[in-house]
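Tertiary structure, described
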Amino acid sequence: MLIVVLSGLRARWASFLGGFVALALGVGLLATLGLGLSATLHAPERPPQRFASSPVVVQGQDRLTLDVRRGPGTASVAQRLDRPQPVDSELLHELEARWPVTPSGGPDAVGVDAPAAEVRALVGDRAQVLTGDERRRADPDHDRDADALVGVNALLGTSGGVTAFVSVFVVASTFAFAVALRRREFGLLRTAGATPGQIRRLLLAEAAALGVLASAAGCALGAAGAPLLAGALVDGGLAPAWFTVGGPAWPFHAAFWTGVAVALAGAVAASRRAGKVGPTAALREADVDADALPLGRALLGTGLLLAGLGLLVWTYATDPSALLKRKTYTTLPMLLITGIALLSPLLVRPVARLLRLRGAVGTLVRENSAASVRRTAAVAAPVLVTVALAGTLFGSAASVTRAKGAEGREQTVAEYVVSGPGLRPVTAPAGAVVSPTGPTSVFVRDGDAAVVKYGARAVTDPAAFAELSRLPVVAGDPRDLDDRSIVVNEEFERRGVGETVEVWRADGTGPVRLRIAAVLALGTGDNGPYVTRANAPGSVPDRIDARGGGTAAVRALEASGGTVRTAGAWAEAARPSNGSPQARLGMVLVLGIALVYTVIGLVNTLLMATSVRGGELASLRLAGATRAQILRVVTGEATLAVAIGTLLGLAVTALVLGALGAGLAALSAPVALALPWATVGAAAGVCAAVAIAASALPAWRLTR
């Protein structure tokens, strides 16, 4: 068996080359991303910077810690405050009276030159006592680095999932099509006495050998690519400057065995199908695919398609805001893509028959595509993946961006908006209405099992704010907002007007009981809550809305130190551009991975398919077809297959964007869907160019 396997690999190396490259690239990417993930989970030891010379640091509390229910008992959960609390002045005097104290540019922490046990005994629960590596928590960049690592972790995790999905998809398609081309070979083996089990074991052995070789090459690629990935993340500002990769061996083990498993998984279905080939297949002359969609594939495709549609409907019905999140519109389309790809042979023949192409060349393109369903579907499948990911990723991100921009513009009737950090107070001139607001946070219990931190806005003048804002009010009246009340949104567990909600402020003080003055629709996620400055300690305005007052108001606004714009110009400038840098890089990375795999799949499939058509093309030459006509037929078939894949990808995009639009409407947010025609067109154009080249070159060689 081993001799037969190795001989087969050596004799048909060209047909296995695409699968080898796809698998090696996938394993290399998984190893690279795994090393990056490991680096985000195990940051290197770094000495403290702010209090490097102090053995003990006393810092104000930087976490709100509350007890919540966990099963039959309770447990403590901590939420990070917007900023650490200052060290109590009385405690500071006590420390200074006993030991040397080193201040460092802020009231939140001091260094103490004293034994840690004695400092803890004095401080008690009035502040935190940090020693050793924990002193880094007092560094100003500690939280920024932690947030950056969380973002990098999400980016690499999503990219790794897409890599695994696309690699399985391409490798499985490659094996399935290769088996379809070897029907006569398997028929001869059956005629010679080979059993179905031996045929299956032959294919699985070929897949295992291919998987081991490709995975080993992929691990080498991963070791070389991981430092390049770390450098790119640091240069792009997505990871801290000290971010490096390397060290653990588990990413290589995970990537290697994943590659072997992917190769075997891709070959399982193909081997079962090959085992059913009978001896009479060696005598078959017709090239029409009569059983292109077996019952098992039809059931699996239908199940995945229904599961994808069901998840879309269920998400819309239970949590429409989840449809706006990148994690949802990155992962959910994969079920739809796989389901439609498995069912694509059902669509190839009807679509091809609908074409009314003129002339002999057009007729041959239509009939050959309809007859060779497997070949056409194998070309359309990777195109479907790329176009669907391009449409759903960039289309969903652009749609959410448009909705946020439209929502922000609709919620103010101001003439001018000033933006910028730390705005100075403004005195409203005669005839002007001025409303400063700033960022803050509130902490609220969600039932008895969780504590939720909400990003809120602090209102300086509730009357002016109510006059200049047009919030999506569901109940109540924002004009009733005062120091003893709060405006909440529909995400709050308690949201009845007049009810009271227990709130902890941004600095951890509380709880305070605030009456609900109004309830807002959830929208795209930026609708409240709102509190007054009395319940937002430390908040500084970063936005001022103004109306009236003429040029005097403009001069007064300019004195705030921020950028003064008209409301329309502010809304355009403030509109996010497809999310954070991590989100944009993640979308580009995911689409790039899909496009590379699509190119590999197209080249491999079309080279294999065209190279076995020598007899067919020779018959066309004998029938009077010119070489140019044959090339047009072959490239026309490839172009038609790409067009079918593009249409299927657009169908997936339409489903996802349609659900997103319904979700925006359910959240009372503006529905502003956007299909990224440029990105989708570029992806489809690359696929078409590659398909034409990969089919024309072997056809040109065969017709010499």
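Attention in this report is confined to the structure presented alongside it. (Residues numbered from 1 in each chain as written. Predicted model: local features only at pLDDT ≥ 70, side-chain atom pairs only at ≥ 80, totals over all residues. Heavy atoms only, no water.)

The subject of this paragraph is the overall build of the protein. Scanning the protein from terminus to terminus reveals 20 helices and 16 strands. Looking at the protein residue by residue over its 704 residues, the buried ones come to 48%. Within the structure as shown, the protein displays about 30800 Å² of accessible surface, and the carbon and sulfur contribution to it stands at 61%. (Helix = DSSP H or I, 4+ residues; strand = E, 2+ residues; numbered from the N terminus. Buried < 20%, exposed > 50% of the residue type's maximum accessible area, 1.4 Å probe, protein only. Areas by Shrake-Rupley, 256 points an atom, 1.4 Å probe, with all protein chains shown as cover.)

With that settled, the discussion passes to the side chain of Ser 54. Tracing the backbone shows Ser 54 in the loop between α2 (13–41) and β1 (56–59). When residues no more than four places from it in sequence are discounted, the contact partners of Ser 54 are Thr 102, Gly 111, Val 112 and Arg 135. (Contact = heavy atoms within 4.5 Å.)

Under the counting rule described, the total for this entry stands at 6 cavities of 30 Å³ or more. In this structure, the largest cavity encloses a volume near 80 Å³. Residue lining of the largest cavity: Ser 369, Arg 375, Thr 376, Val 379, Leu 606, Thr 610, Arg 613, Val 634, Glu 637, Ala 638, Ala 641 and Ser 695, and that is the complete set. At the level of elements, α13 (373–410), α17 (581–611) and α19 (627–666) are the ones that each hand at least two residues to the lining of the largest cavity. (1 Å grid on protein atoms, 1.4 Å probe; cavity = no way out; pocket = protein on both sides within 12 Å on 5 of 7 lines; lining within 4 Å. Points joined across faces, edges and corners; volume = space filled by probe spheres on them.)

The subject of this paragraph is the pairing of strand β11 (residues 485–489). β11 sits mainly inside the fold: 5 of its 5 residues count as buried. The two faces of β11 match: Ser 485, Val 487 and Asn 489 on one face and Ile 486 and Val 488 on the other face are all buried. Here β11 runs beside strand β13 (residues 512–520); their pairing, made up of 5 bridges, is parallel. By the bridge assignment for β13, Ser 485 is matched with Arg 515. (Pairing = 2+ DSSP bridges.)

Once that is clear, we can look at the packing of aromatic side chains. What the rule picks out here adds up to 3 aromatic pairs. Here the aromatic rings of Phe 256 and Trp 257 are separated by 5.0 Å at their centres, their planes lie at 90°, and the arrangement is edge-to-face. With relative accessibility at 18%, the residue Phe 256 sits in the buried group. Given a relative accessible area of 55%, Trp 257 falls into the exposed group. Relative to Phe 492, the ring of Tyr 454 has its centre 4.3 Å away and its plane inclined at 15°; by these criteria the two rings are stacked. (Phe/Tyr/Trp six-rings, centres within 6.5 Å; stacked < 30°, edge-to-face > 60°.)

The next thing to look at is the pattern of salt bridges. Applying the stated criterion across every chain, the model contains 14 salt bridges. Between Arg 50 and Asp 108 there is a salt bridge, and its shortest N-O distance comes to 2.9 Å. Of this pair, Arg 50 sits in the loop between α2 and β1 while Asp 108 sits in the loop between β4 (101–103) and β5 (109–112), placing them 58 residues apart in sequence. Taking the relative accessible area as the measure of exposure, Asp 108 reaches 14% and is therefore buried. Asp 82 serves as the salt-bridge partner of Lys 453, at 3.3 Å between the closest nitrogen and oxygen. Of the two residues, Lys 453 is situated in strand β9 (residues 450–459) and Asp 82 in the loop between β3 (73–80) and α3 (89–98); the sequence distance between them amounts to 371 residues. The class of Lys 453 is partly exposed, set by a relative accessible area of 33%. A relative accessible area of 33% places Asp 82 in the partly exposed class. The structure contains a network of salt bridges with shared partners spanning Asp 62, Arg 63 and Arg 137. (Salt bridge = Lys/Arg side-chain N within 4 Å of Asp/Glu carboxyl O.)

It is worth spelling out the sheet that holds β5 at this point. Spatially, the 4 strands line up as an open sheet ordered β4-β5-β1-β6, and their pairing is antiparallel. Across the chains shown, the open sheet's two edge strands, defined by having one partner strand only, are β4 and β6 (128–131). Direction aside, the axes of adjacent strands within the sheet are offset by 30° on average. Looking at chain direction, β1 and β6 are connected through 4 bridges and run antiparallel. Among the inter-strand pairings, Gln 59 is bridged to a residue of β6, identified as Gln 128. Taken strand by strand, helix α4 (residues 116–123) contacts β1, β5 and β6, and its axis lies near 170° from that of β6. (Axes fitted to C-alpha atoms, helices over the stretch in contact; angles between N-to-C directions.)

Orientation of helix α11 (residues 333–354) relative to α19, taken along the N-to-C sense of each, is 135°, at an axis distance of 10 Å. On the basis of the axis angle, α11 is oblique to α19. Considering how the two elements wind past one another, α11 and α19 form a crossing that is right-handed. Together, Pro 333, Leu 336, Ile 337, Ile 340, Ser 344, Leu 347, Val 348, Val 351 and Ala 352 of α11 and Leu 640, Ile 644, Leu 648, Val 652, Leu 655 and Val 656 of α19 make up the contact between the two elements. Of the residues contributing to the contact of α11 with α19, the split by class is 14 nonpolar, 1 polar and no charged. (Parallel < 35°, antiparallel > 145°, perpendicular 65-115°, else oblique. Left-handed = near helix turned anticlockwise from the far one by under 90°. Nonpolar A, V, L, I, M, F, W, Y, C, P; charged D, E, K, R; others polar.)

Taken together, Asp 319, Asp 446, Glu 491 and Glu 493 make up a surface patch of like negative charges. Inspection of the secondary structure puts Asp 319 in the loop between α9 (295–318) and α10 (326–331). Accessibility expressed as a relative area gives 32% for Asp 319, which makes it partly exposed. (Patch = residues over 30% accessible without salt bridge, like charges linked within 9 Å, V, L, I, M, F, W, Y side chains within 5 Å. Lys, Arg positive; Asp, Glu negative; His and termini not counted. Charge placed at Lys NZ, Arg CZ, Asp CG, Glu CD.)

Taking every second residue as pointing to the same face, both faces of β5 are buried, with Ala 109 and Gly 111 on one and Val 110 and Val 112 on the other. Where β1 and β5 come together, 4 bridges link them in antiparallel fashion. When the sheet's bridge partners are listed, Val 56 is paired in β5 with Val 112. Hairpin geometry of β4 and β5 is characterised by an intervening segment of 5 residues between the two adjacent antiparallel strands and by a positive phi of about 70° at Gly 105.

Moving on, we get to the nonpolar core. Among the nonpolar cores identified, the biggest contains 67 residues, and Ile 337, Leu 384 and Val 652 are the most heavily contacted of them. Secondary structure elements with two or more residues in this core: α5 (142–181), α9, α11, α12 (359–371), α13, α17, α19 and α20 (677–702). Those residues in contact with Leu 384 that lie beyond four places of it in its chain are Ile 337, Ile 340, Ala 341, Gly 645, Leu 648, Gly 649 and Val 652. (Core = buried A, V, L, I, M, F, W, Y, C linked by side-chain atoms within 4.5 Å.)

It is worth spelling out the side chain of Ser 560 at this point. Summarising the element assignment, Ser 560 is placed in the loop between α15 (550–558) and β16 (563–566). From its side chain, Ser 560 meets the backbone oxygen of Leu 557 in a polar contact 2.6 Å long. A polar atom in the side chain of Ser 560 sits 3.4 Å from the backbone nitrogen of Gly 562. When neighbours within four sequence positions are excluded, Ser 560 is seen to be in contact with Val 418, Leu 423, Arg 424, Val 426 and Ile 544. (Polar contact = N/O pair within 3.5 Å; in protein donor to acceptor, adjacent residues only side chain to side chain.)

Any functional reading would require information that these geometric values do not contain.
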